[in-house]
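Structural features, examined
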Protein chains: 2
Amino acid sequence: MIMKNESYLRELLQEHGLKVTLARMKVLDVLVSSPVALSHSDITHRLEGQEIDKVTLYRTLGAFTEKKLTHKVASKDRNWLYALHIHENEPAVDHDHAHFVCDSCEKIYCLPVNTEEQTPVIPTPVNFIVTSREYRLHGMCPDCH
Amino acid sequence: MIMKNESYLRELLQEHGLKVTLARMKVLDVLVSSPVALSHSDITHRLEGQEIDKVTLYRTLGAFTEKKLTHKVASKDRNWLYALHIHENEPAVDHDHAHFVCDSCEKIYCLPVNTEEQTPVIPTPVNFIVTSREYRLHGMCPDCH
DNA sequence: CACTCTATGCAACTTGGTTGCATTAATGGG
DNA sequence: CCCATTAATGCAACCAAGTTGCATAGAGTG
Ligand SMILES: [Mn+2]
Ligand SMILES: [Mn+2]
Ligand SMILES: [Zn+2]
Ligand SMILES: [Zn+2]
């Protein structure tokens, strides 16, 4: 296994109250090296040769998300994609944030912008109480033009 | 079958280049009388006693959407919900628009607001070309507070 | 090192949705 | 009004994503 920085990954798990196991190390290794959010099947492919059980992978991603190590976002074809909250040398993205969806390659990028600062002018319909907002920008990513 | 306005429904189908069939009349009847977007299973329940085949229902919803009679929006649990573009005595909503998601009952309402007209302050990341936007407001709907 | 409790792996299942194909029925022309 | 054409329907079989139950393996703690 080629791990970017084994002790960094181990710390990341521990900081989030997660036991350090082989499966979690493998999955985390894949996630830290991806600039885009990944699906269960994306991750399975990137683990080829050293795959883990599919249920374990679902549960690993669930645990990561519950402990706020990752967050999930629904893809165009409606399955979950997972992305780290924290990227090395970047500020943590632990608040609600917008996403960029590439309409060509379908990759989804997290945009490190706090939605608080970018509230657009959608008039609140009467009798509806708005508590939060979701934004997605669509277009072409740098890889696709 | 209790149809609100049989000839109105028939016209709606014809205006959108759709053959008038029993299955389509039934489904359209359900859709015109719903203020919220409905899933395949929602519609099946509302058709109880006079259900149509599940594949036919999928294909009916697909045809409606292709012909721009309806549009679809992904729900929180990531299955498709369908809503009419046109509601009686209301202007057609054939542009991109925002949606309101009730976090209590999970219903999704179409907001008759053109997203083009909303110019939010989401800074476009460098090297990304933004062509369209998606907005969702979350909170509580009138039925839930 | 031994104990405990969580994480893992496997099988079986559920739900949403699709495909192929034979049959039925809507529509337009005569 | 009827017939032919063509599209819509129904059924069975299938697929992919995700979940549940349960027995076993393996972290972490002392
Ligand atoms: Mn994100
Ligand atoms: Mn809508
Ligand atoms: Zn792209
Ligand atoms: Zn509600």
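Residues numbered from 1 in each chain as written. Chains lettered and ligands numbered in written order. Predicted model: local features only at pLDDT ≥ 70, side-chain atom pairs only at ≥ 80, totals over all residues. Heavy atoms only, no water.

1. Focus: the packing of aromatic side chains
- If you walk through the whole model with that rule in mind, you get 7 aromatic pairs over all chains.
- Ring centres 5.3 Å apart and planes at 85° place the aromatic pair A:Tyr135 and B:Tyr135 in the edge-to-face group. Remark: B:Tyr135 occurs in strand S6 (residues 129–140) and A:Tyr135 occurs in strand S6 (residues 129–140); the pair is interchain, linking two chains. Like B:Tyr135, A:Tyr135 is buried.
- By the ring-pair criterion, three or more aromatic residues cluster together here, those being A:Phe100, A:Tyr109 and B:Phe128.
- Here the basic side chain of B:Lys72 rests over the ring of B:Trp80, its NZ or CZ set 4.5 Å away from the ring centre. (Phe/Tyr/Trp six-rings, centres within 6.5 Å; stacked < 30°, edge-to-face > 60°. Helix = DSSP H or I, 4+ residues; strand = E, 2+ residues; numbered from the N terminus. Buried < 20%, exposed > 50% of the residue type's maximum accessible area, 1.4 Å probe, protein only. Lys NZ or Arg CZ within 6 Å of the ring centre and 35° of its normal.)

2. Quick notes on the protein's contact with DNA strand C
- Around DNA strand C, 20 residues are found, and the nearest of them are A:Thr21, A:Thr56, A:Arg59, B:Val20 and B:Lys54.
- If you look at DNA strand C and keep only atoms within 4 Å of the protein, 64% of those are sugar or phosphate atoms.
- Within the side chain of A:Arg59, an N or O atom sits 2.4 Å from a base oxygen of DNA strand C.
- Within the side chain of B:Tyr58, a nitrogen or oxygen atom sits 3.4 Å from a phosphate oxygen of DNA strand C.
- Elements with a minimum of two residues in the surface near DNA strand C: helix H2 (22–32) and helix H4 (54–66) of chain A together with helix H4 (54–66) of chain B. (Near = heavy atom within 4 Å. Polar contact = N/O pair within 3.5 Å; in protein donor to acceptor, adjacent residues only side chain to side chain.)

3. Quick word on the confidence of the model for chain A
- The predicted model of chain A averages 86 in pLDDT, with 82% of residues at 70 or higher.
- Taking the mean pLDDT of every element in chain A, the minimum, 77, falls on strand S5 (residues 108–114) of chain A and the maximum, 98, on H4(A). (pLDDT = per-residue confidence, 0-100.)

4. What to know about the sheet that holds strand S2 (residues 70–74) of chain A
Residues and elements named next belong to chain A.
- Read from one edge to the other, the open sheet built from 3 strands follows the order S1-S3-S2, with strand pairing classed as antiparallel. Sheet topology places strand S1 (38–39) and S2 at the edges, where each strand pairs with a single neighbour.
- Bridge analysis of S1 against strand S3 (residues 80–84) gives 2 bridges, and the strand direction is antiparallel. Note that in S3 the partner of Ser39 across the bridge is Leu81.
- Relative to S3, H2 is tilted by about 80°, and along the sheet it contacts S1, S2 and S3.
- Contacting S2 and S3, H4 crosses the sheet at an angle of about 110° to S2. (Pairing = 2+ DSSP bridges. Contact = heavy atoms within 4.5 Å. Axes fitted to C-alpha atoms, helices over the stretch in contact; angles between N-to-C directions.)

5. As for the pairing of S3(A)
All names here are of chain A.
- Burial runs high along S3: 4 of the 5 residues are buried.
- Across 5 bridges, the pairing between S2 and S3 is antiparallel. Within the sheet, the bridge partner assigned to Thr70 lies in S3 and is Leu84.
- Hairpin connection between S2 and S3: a loop of 5 residues separates the two successive antiparallel strands, and Arg78 in this loop has a positive phi of roughly 55°.

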